[in-house]
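Overview (structure and organization)
Take a look at the letters that make up each chain.
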Amino acid sequence: MGLWLLDADVLARSRFAVSPLVETVAALKALDGHPTLPGQRAWLDAHSPAYRSRLAGDPFSAAFVRAAFPPRWLPDFLATPADFLGASAGDAEATFAGELRRIRETPAGVARADLLAGLGGPLPAELRGADLPERAAELLEWVWTRTLRPDWPRRQRLFEADIVSRTHLLSSGGWAATLDGMRPGMRWLGHGRLQINTYDLPPLDLGDTGLLFVPSTSSRGWVGSDRPDRHTVVYPCRGILADPARSAPPAALSRLLGPVRAEILARLESPTSTTGLVAATGHGLGSVGGHLRVLLDAQLVRRRRSGRYVLYFRTADGDRLVRLSRRSDERTAG
């Protein structure tokens with residue numbers, strides 16, 4: 001299995017962040033046919049035709065995505081965000097420009113070696129030029145500008161809500177609870193051992209570095225190591241960007257509480273902030289806040305402060321009500 005060896009100091013230096021570049025790579029993989037979260041279906045339908053047209057008219061881009069995304073591999077120069085990630089948290093354009101600059105500044109030989117490591121064969125002729133990093137950056141910039149930038153404020157709110165939920169879990173259950181199941185094949189084994197996947201790889205001692213955890217719409221995520229001091233875990237955003245059918249309220253619950261209140265209660269499978277619920281449901285802040293107050297008064301949800309956020313989560317009675325309502329729907333459908 002793939003193991004990372006790390007001590008308490010590494011975890012102390014670890015943090016969560018949102019990366020426009022990571023999400024752009026995840027979007028490019030999704031457009032190329034790799035699995036994404038089910039909630040991305042409408043986005044894929046909207047942008048796939050333009051992407052296919054781009055590849056049909058650009059032999060470099062077509063060769064690049066074939067080389068960059070073989071099964072079980074992602075080249076490190078695409079997998080790891082920039083060092084300064086988070087310095088411009090409120091300015092996605094500036095953050096993305098900085099991350100893209102790192103791609104452009106990657107030596108062509110390093111980029112080719114990264115691609116060759118996953119290919120298992122010769123590099124296509126279209127990718128042998130000295131302009132490989134620049135042209136790869138141009139493709140990523142196209143994906144960002146054409147498909148992601150208009151939707152970025154919503155995605156950023158969803159990712160931030162996921163991070164708030166996980167930092168809440170970190171404060172209540174520690175790193176073991178936070179890391180277990182963060183992405184498929186990843187779990188904390190104890191004694192300073194983090195299983196990052198089930199591949200047959202030699203263990204990697206992280207030394208005195210830190211980890212960066214980044215949510216994305218990729219269904220599996222990935223790990224990246226830009227040695228010696230940068231290691232990244234990209235993981236699927238939990239719940240909010242998943243299959244809309246899973247977060248849809250049961251019909252019985254909607255009849256009892258009303259459709260909006262039922263939707264809010266159904267989405268609180270994990271602790272979520274008000275802004276996270278606004279982003280996920282599309283309802284206004286005042287509407288979501290008002291429904292949360294009713295659910296609080298009915299003792300179906302509780303709230304708890306985590307840093308600068310207030311997180312809402314279902315009580316045992318709220319869980320029971322959602323569970324029984326789903327069973328009622330299943331019996332009716334059967």
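In this text the structure is predicted, and so the values were computed from the model without any measurement. (Residues numbered from 1 in each chain as written. Predicted model: local features only at pLDDT ≥ 70, side-chain atom pairs only at ≥ 80, totals over all residues. Heavy atoms only, no water.)

A separate point is the overall build of the protein chain. Scanning the protein chain from terminus to terminus reveals 15 helices and eleven strands. Relative to a compact globule of 334 residues, whose C-alpha radius of gyration would be 20 Å, the protein chain shows 21 Å and is just as compact. By residue count, 52% of the 334 residues in the protein chain fall in the buried class. Contacts in the protein chain between residues far apart in sequence, at least 24 positions, make up 67% of those at least 6 positions apart. Charge-centre separation for the protein chain: the mean point of 43 positive side chains lies 7 Å from the mean point of 35 negative side chains. (Helix = DSSP H or I, 4+ residues; strand = E, 2+ residues; numbered from the N terminus. Rg over C-alpha atoms; globule rule 2.2 N^0.38 Å. Buried < 20%, exposed > 50% of the residue type's maximum accessible area, 1.4 Å probe, protein only. Contact = heavy atoms within 4.5 Å. Lys, Arg positive; Asp, Glu negative; His and termini not counted. Charge placed at Lys NZ, Arg CZ, Asp CG, Glu CD.)

By the definition in use, this model includes 13 salt bridges. A salt bridge links Arg41 to Asp45, with the shortest nitrogen-to-oxygen separation between them at 3.2 Å. Taken as a pair, Arg41 and Asp45 lie in helix α3 (residues 41–56) at a separation of four residues, close to a single helical turn. Salt-bridge contacts for Arg267 lead to Glu263; the nearest nitrogen and oxygen are separated by 3.3 Å. Residue Arg267 and its partner Glu263 are located together in helix α12 (residues 259–267), separated by four residues, close to a single helical turn. Glu263 gets classed as buried once you look at its relative accessible area, which sits at 15%. If you follow the salt bridges from partner to partner, you end up with Glu23, Asp151, Arg154 and Arg155 in one network. (Salt bridge = Lys/Arg side-chain N within 4 Å of Asp/Glu carboxyl O.)

Attention now moves to the packing of aromatic side chains. Enumeration according to the criterion identifies eight aromatic pairs in this entry. Relative to Tyr235, the ring of Phe16 has its centre 6.3 Å away and its plane inclined at 90 degrees; by these criteria the two rings are edge-to-face. Pair noted here: Phe16 is in strand β2 (residues 15–16) and Tyr235 is in strand β8 (residues 230–236), with a separation of 219 residues, a long-range link. Residues Phe16 and Tyr235 agree in their burial class; the two are buried. Here the aromatic cluster, defined as three or more aromatic residues joined through ring pairs, consists of Phe16, Trp175, Phe213 and Tyr235. (Phe/Tyr/Trp six-rings, centres within 6.5 Å; stacked < 30°, edge-to-face > 60°.)

It is worth spelling out the layout of surface pockets at this point. The gaps of empty space that remain are located by a probe, the size of a water molecule, rolled over the atoms. The computed volume of the largest pocket comes to approximately 840 Å³. If you go around the largest pocket, you meet 30 residues; those closest to its centre are Arg72, Trp73, Asn197, Tyr199 and Val223. Of all the elements in the fold, those that place two or more residues in the lining of the largest pocket are β1 (2–5), β4 (193–197) and β7 (222–226). Top element by residues in the lining of the largest pocket is β7. It accounts for four residues. Of the residues belonging to the lining of the largest pocket, the class tally is 16 nonpolar, eight polar and six charged. (1 Å grid on protein atoms, 1.4 Å probe; cavity = no way out; pocket = protein on both sides within 12 Å on 5 of 7 lines; lining within 4 Å. Points joined across faces, edges and corners; volume = space filled by probe spheres on them. Nonpolar A, V, L, I, M, F, W, Y, C, P; charged D, E, K, R; others polar.)

Okay, the sheet that holds strand β6 (residues 211–216) next. Strand order across the open sheet formed by four strands is β2-β6-β8-β7, with mixed pairing between neighbours. Every interior strand has two partners, whereas the edge strands, β2 and β7, have only one. Relative to β8, β6 runs parallel, the two sharing six bridges. Paired with Val214 across the two strands is Val234, which belongs to β8. On the sheet, helix α9 (residues 152–179) packs against β2, β6 and β8 and is oriented at approximately 135 degrees with respect to β6. (Pairing = 2+ DSSP bridges. Axes fitted to C-alpha atoms, helices over the stretch in contact; angles between N-to-C directions.)

For the rest of this paragraph, the subject is the environment of Gly174. Relative to the assigned elements, Gly174 resides in helix α9. It is 26 Å that separates the C-alpha atoms of Gly174 and Leu265, two residues lying 91 residues apart in sequence.

Summarising burial for helix α13 (residues 274–281): seven of the eight residues are buried, a large majority. Of the positions making up α13, those classed as buried are Thr274, Gly276, Leu277, Val278, Ala279, Ala280 and Thr281. On the buried face of α13, the contacting elements are α9, α12, β9 (272–273), α14 (285–297) and β11 (309–314). Taken from the residues just after α13, Gly282 is the one with a positive phi, measuring 80 degrees.

Attention shifts here to the side chain of Ser218. Along the chain, Ser218 falls in the loop between β6 and β7. Owing to a relative accessible area of 6%, Ser218 belongs among the buried residues under this scheme. At 2.8 Å, the side chain of Ser218 and the backbone nitrogen of Gly221 are in polar contact. (Polar contact = N/O pair within 3.5 Å; in protein donor to acceptor, adjacent residues only side chain to side chain.)

Before going further, it helps to spend a moment on α9. For α9, with 28 residues, the first-to-last C-alpha span of 26 Å runs short of the 40 Å given by 1.5 Å per residue. Maximal helix bending in α9 amounts to about 130 degrees, located at Gly173. Phi turns positive one or two residues past the end of α9, at Gly181, with a value near 75 degrees. (Expected span 1.5 Å × (residues − 1). Bend = angle between axes of the 7 residues up to and from the residue.)

Moving on to a negative patch on the surface. Where like charges cluster on the molecular surface, the negative patch consists of Asp7, Asp9, Asp205 and Asp208. Relative to the elements of secondary structure, Asp7 occurs in the loop between β1 and α1 (8–12). (Patch = residues over 30% accessible without salt bridge, like charges linked within 9 Å, V, L, I, M, F, W, Y side chains within 5 Å. Areas by Shrake-Rupley, 256 points an atom, 1.4 Å probe, with all protein chains shown as cover.)

Below, the discussion takes up the pairing of β11. Regular strands show a simple pattern: their side chains alternate between the two faces of the sheet. Across the six residues that make up β11, a large majority, five, are buried. By the bridge criterion, two bridges tie β9 to β11 in an arrangement that is antiparallel. By the bridge assignment, Thr272 is partnered in β11 with Tyr312.

In short, geometric facts, not functional conclusions.
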